[in-house]
Amino acid sequence: MADLDLKIFYWLYNLPHEGWIYYFFLIFHYLALFGIGAAIFWITLYIFDKQNRQKIIFGGLAIITAWGLNTIIIKNIFQRERPFSVLENVISGAEKLSSYSFPSGHATASFALATTLVLIYPQKRFVYLGFIFALFISISRIYFGVHYPSDILGGIVLGIVVPILIFKSAKIKFFFNS
């Protein structure tokens, strides 16, 4: 498994860091720095969508919970060093982070946001595009040398499972049980 993780990492990391592909991933890298933007977006949803306020509150709770589990608990349990810290000839094309690598916080948060939007608005097909954005945000983290593919996979699982569990435990009606 570790060998496959490294093969996929190097394949994505060694893509050209120039031209359109660089700017493509750079856009998603900057989209990943969305903490304040996501908060403003969520508050705006709460203000303007009175019909779904309970779901929006639980959705915000789900995103914060997924991110908190990742950042405060899971990263400190696994304590996996980032690729640019341990692999030769890998430099961070983004920021030098001091936190641990597994699981990816960006993958967790972006997939938690995408999942929560689908749970709140399953009838709105455009919300499913959130998963595509979340995937490109996640891949950009490998491309810039700050995460391994398994970090991303762990973040994806956490970002999808936590909102579903929170919505189910709160017995909020959504597309799985409607």
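In this text the structure is predicted, and so the values were computed from the model without any measurement.

## Some points on the overall build of the protein
Alright, step 1. In terms of helices and strands, the protein carries 8 helices and 0 strands.
Alright, step 2. Each helix and strand of the protein, placed in order from N terminus to C terminus, yields the pattern α-α-α-α-α-α-α-α.
Alright, step 3. Carbon and sulfur atoms make up 69% of the accessible area of the protein, which totals about 9,900 Å².

## Focus on helix H4 (residues 53-78)
Alright, step 1. Taking 1.5 Å as the rise per residue, H4 with 26 residues should run 38 Å; its terminal C-alpha atoms sit 36 Å apart, in good agreement.
Alright, step 2. A bend of about 35° at Asn70 is the largest found in H4.
Alright, step 3. All of the buried residues along H4 are Lys55, Ile56, Gly59, Gly60, Ala62, Ile63, Ala66, Gly68, Asn70, Ile74 and Lys75.
Alright, step 4. Of the residues flanking the end of H4, it is Gln79, one or two places downstream, whose phi is positive at about 45°.

## Regarding the side chain of Ser101
Alright, step 1. Relative to the elements of secondary structure, Ser101 occurs in the loop between helix H5 (83-86) and helix H6 (105-120).
Alright, step 2. Taking the relative accessible area as the measure of exposure, Ser101 reaches 0% and is therefore buried.
Alright, step 3. Apart from the residues within four sequence positions on either side, Ser101 is in contact with Lys75, Arg80, Glu81, Arg82, Pro83, Val146, His147, Tyr148 and Asp151.

## Regarding unusual backbone geometry
Alright, step 1. With an omega dihedral of -10°, the bond running from Phe102 to Pro103 counts as a cis peptide bond.
Alright, step 2. Following the sequence through the fold, Pro103 ends up in the loop between H5 and H6.
Alright, step 3. With a phi angle near 45°, Gln79 is a residue other than glycine that sits in the positive phi range.
Alright, step 4. Positionally, Gln79 belongs in the loop between H4 and H5.

The rules behind the values
- Residues numbered from 1 in each chain as written.
- Predicted model: local features only at pLDDT ≥ 70, side-chain atom pairs only at ≥ 80, totals over all residues.
- Heavy atoms only, no water.
- Helix = DSSP H or I, 4+ residues; strand = E, 2+ residues; numbered from the N terminus.
- Areas by Shrake-Rupley, 256 points an atom, 1.4 Å probe, with all protein chains shown as cover.
- Expected span 1.5 Å × (residues − 1).
- Bend = angle between axes of the 7 residues up to and from the residue.
- Buried < 20%, exposed > 50% of the residue type's maximum accessible area, 1.4 Å probe, protein only.
- Contact = heavy atoms within 4.5 Å.

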